[in-house]
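Given next are the chains, with one letter for each unit.
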Amino acid sequence: MEQHLIIAVKAIIPLFLLIGVGICVRWQKMLTDTELKHVNAMIFKVFFFCMMFYNMYTTTIATALRPRLLSFTIASLFIVLLISAVVVCTVENDNRSRGAMLQALFRSNYVLLGIPLVENIFGAEAVAVPTMMIAFISPIYNTVSIFFLESFRGGGRFSLGETLVTVLKNPMIVGAILGAACMLLGIAIPEPVLKPIRQISFCTSPVALIILGASFQFGELSKEKRNLAIVVLGRLVVIPALVLGAAYFMGFRGVDFVTLICIFATPCAVASFAMAQQLGSNAELAGSSVVLTSAFSSITLFCWVVLFQVLGVF
């Protein structure tokens, strides 16, 4: 048992220490809100692009692409979405809050926490699997989130064509496509060019986690107690229990199973707050969901890792 706890601590603690550094940065007012927005934009457009490009360029499709894992993940995402929609529409009457809650339950912080968690457990050579999954999961997250936020804001208009264009402009998707294309076509990137891409790729996760902590706004949480309780319990306890339980009995193990933990047991995506703000949803509820699920996930994520370690999953 002690060995399992040590592995879990080594996997989880570094993530939340980096977030804690970011919280200290905000507390010490080292960055203004405007500067944080600019740094966030840089991470999104430059760092994530380089990380996705490098990981796809240096991976081997045969070992990284897991059709069974991908099929299970996509099916689980839409089952989770369907159940969440029924629950949210039953308990909440305000459309703006419905959109924010659905996005919070459906969309996890997989990109920021997934790759470093897999790397902490299995090493850098294992990140090809979660990286490959990002190329498929990220477009689903973006498309479905826009659909629900537009549908529930009242007078909103969802355009599949516009949404697909937006998704294809996502730097992560562009980086993944270009990296995969260069790898498949055998295009050799000169080392003087590849080296800075590699350096940026390696520092993406720590810098992104620090800025994640610095971006937290601890505002008033009491106004949405019931909805926040549903989001926190659903995102961190109920959804992981259902999906990871099914994955365990279906025989997923090793890096595949940890990838599923990263997708279904991590907190709400930070991007959900900005998207809710831009599309007229309940941005206060979305922001509070990010803060609370991130805070409580330091406990729940640790518990899920320990539990499945004890069960011998990885």
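Keep in mind that this is a model prediction, so the values were computed, not measured. Chains are numbered independently. Their residues run from 1 in the order of the written sequence. Only residues with pLDDT of 70 or above have their local features reported here, since the model is predicted, and side-chain atom pairs are shown and tallied only from 80 upward, although totals for entire chains, interfaces and linings are computed over all residues. Side-chain calculation: all heavy atoms of the structure are included, whereas hydrogens and water are not.

Student: How should I be thinking about the overall build of the protein chain in this particular structure?
Tutor: The helix and strand inventory of the protein chain stands at 14 helices and 0 strands. Radius of gyration: C-alpha atoms only; globule rule: 2.2 Å multiplied by the number of residues to the exponent 0.38. Relative to the 2.2 N^0.38 estimate, which gives 20 Å for 314 residues, the radius of gyration of the protein chain is 19 Å and therefore close to what a compact globule would have. In terms of overall dimensions, the protein chain has C-alpha extents of about 55 × 45 × 45 Å along its principal axes. When the 314 residues of the protein chain are sorted by exposure, 53% land in the buried category. The contact criterion used is simple: two residues touch if any of their non-hydrogen atoms lie within 4.5 Å. By sequence separation, contacts in the protein chain at least 24 residues apart represent 86% of the contacts at least 6 residues apart. Here a helix means four or more residues in a row that DSSP labels H or I, a strand means two or more in a row labelled E, and each is numbered from the N terminus. Burial classification: accessible surface area is computed with a 1.4 Å probe over protein chains only, and a residue below 20% of its type maximum counts as buried, one above 50% as exposed, and the rest as partly exposed.

Student: Could you clarify how one ought to interpret the side chain of Arg98 in this entry?
Tutor: Relative to the helices and strands, Arg98 resides in helix α5 (residues 95–106). Positive charges come from Lys and Arg, negative ones from Asp and Glu, while His and the chain ends are left out of the count. We count a salt bridge whenever a side-chain nitrogen from Lys or Arg sits within 4 Å of a carboxyl oxygen from Asp or Glu. Buried and without a salt bridge, Arg98 has Glu92 as its closest oppositely charged side chain, separated by 6.3 Å. N or O atoms within 3.5 Å of each other form a polar contact, as long as, within protein, one can give a hydrogen and the other can take it, and as long as residues adjacent in sequence are counted only when both atoms are side-chain atoms. For Arg98, the side chain forms a polar contact with the main-chain oxygen of Glu92, separated by 2.6 Å. In this structure Arg98 touches Val88, Cys89, Glu92, Asn93 and Phe152, once residues within four positions along its chain are discounted.

Student: Hey, could you run me through helix α13 (residues 271–278) in this one?
Tutor: Residues spaced three or four apart along an α-helix face the same direction, because each turn holds 3.6 residues. Among all positions of α13, only Ser272, Met275 and Ala276 are buried. The buried residues of α13 occupy one face: seen down the axis, they fall within an arc of 100 degrees. Residues Gln277 and Gln278 are exposed on α13 and point more than 90 degrees away from its buried face. Here the buried face of α13 lies against α5, α7 (128–152) and α14 (283–310). Immediately downstream of α13, the backbone of Gly280 shows phi near 70 degrees, a positive value. Working note: the arc is built from the helix axis to C-beta atom directions.

Student: Please clarify how the packing of helix α2 (residues 33–57) against α7 should be interpreted in this entry.
Tutor: Between two packed helices, both the angle of their axes relative to each other and the distance between the axes serve to describe the pair. To get an axis, fit a line to the C-alpha atoms, keeping to the stretch in contact for a helix; angles then go from 0 to 180 degrees between the N-to-C directions. Contact pair α2 / α7: the axes reach a minimum separation of 9 Å and the direction vectors enclose 120 degrees. Compared by their axis directions, α2 and α7 come out oblique. Classified by chirality, the crossing of α7 by α2 is left-handed. Contact residues: Met52, Asn55 and Met56 in α2; Thr131, Met132, Ile134 and Ala135 in α7. Should an angle fall under 35 degrees it is called roughly parallel, over 145 degrees roughly antiparallel, and 65 to 115 degrees roughly perpendicular, with every other angle called oblique. By definition, turning the near helix anticlockwise from the far helix through less than a right angle yields a left-handed crossing, and turning it clockwise yields a right-handed one.

Student: Teacher, can you tell me more about the environment of Ala85 here?
Tutor: When you line up the elements, Ala85 lands in helix α4 (residues 67–91). Considered as a pair, Ala85 and Gln103 are 18 residues apart in the sequence and their alpha carbons are 9.9 Å apart.

Student: Just to check I follow, could you spell out the packing of aromatic side chains for this structure?
Tutor: Any pair of Phe, Tyr and Trp rings, taking the six-membered ring for Trp, is counted once the centres come within 6.5 Å. Such a pair is stacked with planes under 30 degrees apart, edge-to-face with planes over 60 apart, and tilted for the rest. Across all of its chains, the model carries 12 aromatic pairs by this definition. Their ring planes at 85 degrees and their centres at 5.5 Å tell us that Phe106 and Tyr141 sit as a pair that is edge-to-face. In this pair, Phe106 sits in helix α5 while Tyr141 sits in helix α7, placing the two residues 35 residues apart along the sequence. Pair check on accessibility: Phe106 and Tyr141 agree, each one buried.

Student: Before we go on, may I ask you to explain a nonpolar patch on the surface in this structure?
Tutor: Patch membership requires over 30% relative accessible area and the absence of a salt bridge. Like charges are linked within 9 Å, and nonpolar side chains (Val, Leu, Ile, Met, Phe, Trp, Tyr) within 5 Å. The method behind every accessible area is Shrake-Rupley, applied with a 1.4 Å probe, and residues are considered shielded solely by the protein chains displayed. Among the surface-exposed residues, Ile79, Ile83, Val87, Val91, Leu233, Val237, Val238 and Leu242 lie close enough to one another that they form a single nonpolar patch of about 660 Å² accessible area. If you list the elements that add at least two residues to the nonpolar patch, you get α4 and α11 (225–249). Note that Val91 resides in helix α4.

Student: When you look at unusual backbone geometry in this model, what are you seeing that I'm missing?
Tutor: Only a minority of non-glycine residues have a phi that is not negative, and only a minority of peptide bonds are not trans. Not every positive phi belongs to a glycine, and Lys29 is a case in point at roughly 55 degrees. Following the sequence through the fold, Lys29 ends up in the loop between α1 (2–27) and α2. In this structure Lys29 comes out as exposed when scored by relative accessible area, which is 72%.

Student: Quick question: what am I supposed to make of α7 here?
Tutor: A helix is expected to span 1.5 Å for every residue after the first. Between the first and last C-alpha of α7 there are 36 Å, a value that for 25 residues agrees with the 36 Å anticipated at 1.5 Å per step. Counted residue by residue, α7 has 21 buried out of 25 residues, so it is predominantly covered.

Student: Quick question: what am I supposed to make of the packing of α13 against α14 here?
Tutor: At a minimum axis separation of 8 Å, α13 and α14 run at an interaxial angle of 180 degrees. Regarding the angle of α13 to α14, the classification is roughly antiparallel. On α14, the residues that touch Ser272, Phe273, Ala276 and Gln277 of α13 are Ala283, Ala286, Gly287 and Val290. For this classification, Asp, Glu, Lys and Arg are treated as charged, while Ala, Val, Leu, Ile, Met, Phe, Trp, Tyr, Cys and Pro are nonpolar and the rest, including Gly, are polar. Taken together, the residues of the contact of α13 with α14 sort by class into 5 nonpolar, 3 polar and no charged.

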